[in-house]
Amino acid sequence: MLKEDFYAMKKSGAPITMVTVYDVAFARMAEAAEIEMLLVGDSAANVMLGMERTAGISMEAMCLFTTAVKRGAPNSYIISDMPFGSDSEPKIALQNATRLIEAGASAVKIEGLPLSSLRAIREKGIDLVGHLGLLPQTATSFKQVGKSEEEAEKIFEQAKVLDSLEPCAIVLEHIPEELGKKVSQATNAPTIGIGAGSHTDGQVLVMHDILKMHPFKLPPFAKSFANFWDAGVNAFCDYRSWVNKKKI
Ligand code: KIV
């Protein structure tokens, strides 16, 4: 798919599904499921590397995960997160965005509004995904943002600036439903929500939550559609029993 296809989906009211993936096997599954956008999120820091914060992940790691996803889903639209600090100034941002594209990404996603870096990337014709609302790389709390009129207005204005750069999508994270609706109505670019209500043009979830791959409580806005944790633990137990029986 191309950026134009996502804009056309928004226009026609067809919802867009985005899912995070980080490796070959799950990228292959997501492509088989015809998911429209695969996100190599910097949430890899948490779910793949066990780090506390997404800010801990490096460019090298993001390139490696992107390469793996491209191998598993060669025909999919792959978006890779620019890790914390990688977009600090335009020249560096452009170099890092180019590395992710060379690793297999179709577009790069940047948190917040580092305007000169965003412009440098777009000027070179690289597809961009914005990310507003809760910004995990720099957040000091993981509470909903945009509740006050002032905060909501700031996010709304940021979305309009981002929209003028013609991104292929804008991710809206953990904001009030009404604000998600208002932004989605005001932008040409498709909005993809995570904890932003049901009026965004699409939704994104972390695959470890969708598949319930961990024993932890899900974030309030996440939803599981399978239980890989139970299935995995049971399979490992069955395998262990099989090995034990063989030895007897
Ligand atoms: O890194 C990530 O997984 C993300 C999504 C939560 C949107 O940015």
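Structure: see above.
Structure report, in brief. None of these values were measured; they are calculated from a predicted model.

Moving on: the pattern of salt bridges. Counted by the stated rule, this structure contains five salt bridges. The salt bridge involving R99 is made with E60; its shortest N-O contact spans 3.3 Å. Placement of R99 in helix α5 (residues 90–103) and of E60 in helix α4 (residues 59–72) is noted, with a sequence separation of 39 residues between them. Between K182 and E153 there is a salt bridge; the shortest N-O distance is 3.8 Å.

Here we come to the packing of aromatic side chains. Tallied over the full model, the rule gives four aromatic pairs. Considering the side-chain rings of F26 and F228, the 6.3 Å spacing of their centres and the 45 degrees angle between planes classify their relative orientation as tilted. Pair noted here: F26 is in helix α2 (residues 24–32) and F228 is in helix α10 (residues 228–247), with a separation of 202 residues, a long-range link. A relative accessible area of 15% means that F26 is categorised as buried. According to the relative accessible area criterion, F228 is partly exposed, its value standing at 31%.

Strands sit in the order β1-β2-β3-β4-β5-β6-β7-β8 around a closed barrel of eight strands; the barrel is parallel. Shown here is a sheet whose adjacent strand axes are inclined to one another by a mean of 25 degrees, direction ignored. Sitting on the sheet, helix α1 (residues 3–12) is in contact with β1 (16–20), β2 (37–40), β3 (77–81), β5 (127–133) and β7 (191–194), with an inclination near 125 degrees to β1. Against the sheet, helix α6 (residues 115–123) touches β4 (107–111) and β5, its axis set at about 155 degrees to β5.

By nearness alone, every residue bordering the ligand is listed as T20, L39, G41, D42, S43, D81, K109, H131, V171, I194, V204 and V206. A distance of 2.5 Å separates an oxygen atom of the ligand from a polar side-chain atom of S43. For the ligand, an oxygen atom lies 2.8 Å from a polar atom in the side chain of K109. Its residues placed into classes, the shell around the ligand shows five nonpolar, four polar and three charged.

All right, on to unusual backbone geometry then. A positive phi angle is found at E34, which is not glycine, with a value near 55 degrees. Turning to its location among the elements, E34 is positioned in the loop between α2 and β2. The phi dihedral of E166 is positive, around 50 degrees, even though this residue is not glycine. Note on placement: E166 falls in the loop between α7 (149–164) and β6 (169–173).

For the rest of this paragraph, the subject is the environment of L179. Here L179 shows up in helix α8 (residues 177–186). In this structure, the C-alpha to C-alpha distance between L179 and E157, residues 22 residues apart in sequence, is 11 Å. The residues touching L179, leaving out its near neighbours within four places in the chain, are G146, A152, I155 and F156.

What follows deals with the pairing of β1. Within β1, four of the five residues are buried, which leaves it mostly tucked inside the rest of the structure. Examined bridge by bridge, β1 and strand β8 (residues 202–205) share four bridges and lie parallel to one another. Bridge pairing in β8 places I16 opposite G202. The pairing of β1 with β2 spans three bridges and is parallel. Bridging from a neighbouring strand, T20 pairs with L39 of β2.

Definitions and limits used
Numbers given for residues are sequential positions, taken from 1 along each chain in its written order. With the structure being a predicted model, the display of local features is reserved for residues of pLDDT at least 70 and the display and counting of side-chain atom pairs for 80 or more, all residues being used for whole-chain, interface and lining totals. With hydrogens and water stripped out, all remaining heavy atoms of the structure feed into the side-chain values. One speaks of a salt bridge when a side-chain nitrogen belonging to Lys or Arg is within 4 Å of a carboxyl oxygen belonging to Asp or Glu. In this description a helix means any DSSP run of H or I spanning at least four residues, a strand means any run of E spanning at least two, and both kinds are numbered starting from the N terminus. Centres within 6.5 Å make a pair out of two Phe, Tyr or Trp rings, where for Trp the six-membered ring is used; the pair is then stacked when the planes are under 30 degrees apart, edge-to-face when over 60, and tilted otherwise. Here the term buried applies to any residue with accessible area under 20% of the maximum for its type, exposed to any over 50%, and partly exposed to those in between, with areas from a 1.4 Å probe on protein chains only. Only strands that DSSP links by at least two bridges are regarded as paired with each other. Structural elements are reduced to axes, namely lines fitted to C-alpha atoms, with helices fitted over the stretch in contact, and the angle between N-to-C directions of any two is expressed from 0 to 180 degrees. The criterion used for residue contact is that any of the two residues' heavy atoms lie within 4.5 Å. Being near a molecule or strand, for a residue, comes down to having at least one heavy atom within 4 Å of it. Two N or O atoms count as a polar contact when they lie within 3.5 Å, although within protein this holds only if one can serve as hydrogen donor and the other as acceptor, and sequence-adjacent residues are included solely when both atoms are side-chain atoms. Residue polarity follows a fixed list, in which Ala, Val, Leu, Ile, Met, Phe, Trp, Tyr, Cys and Pro are nonpolar, Asp, Glu, Lys and Arg are charged, and the others, Gly among them, are polar.

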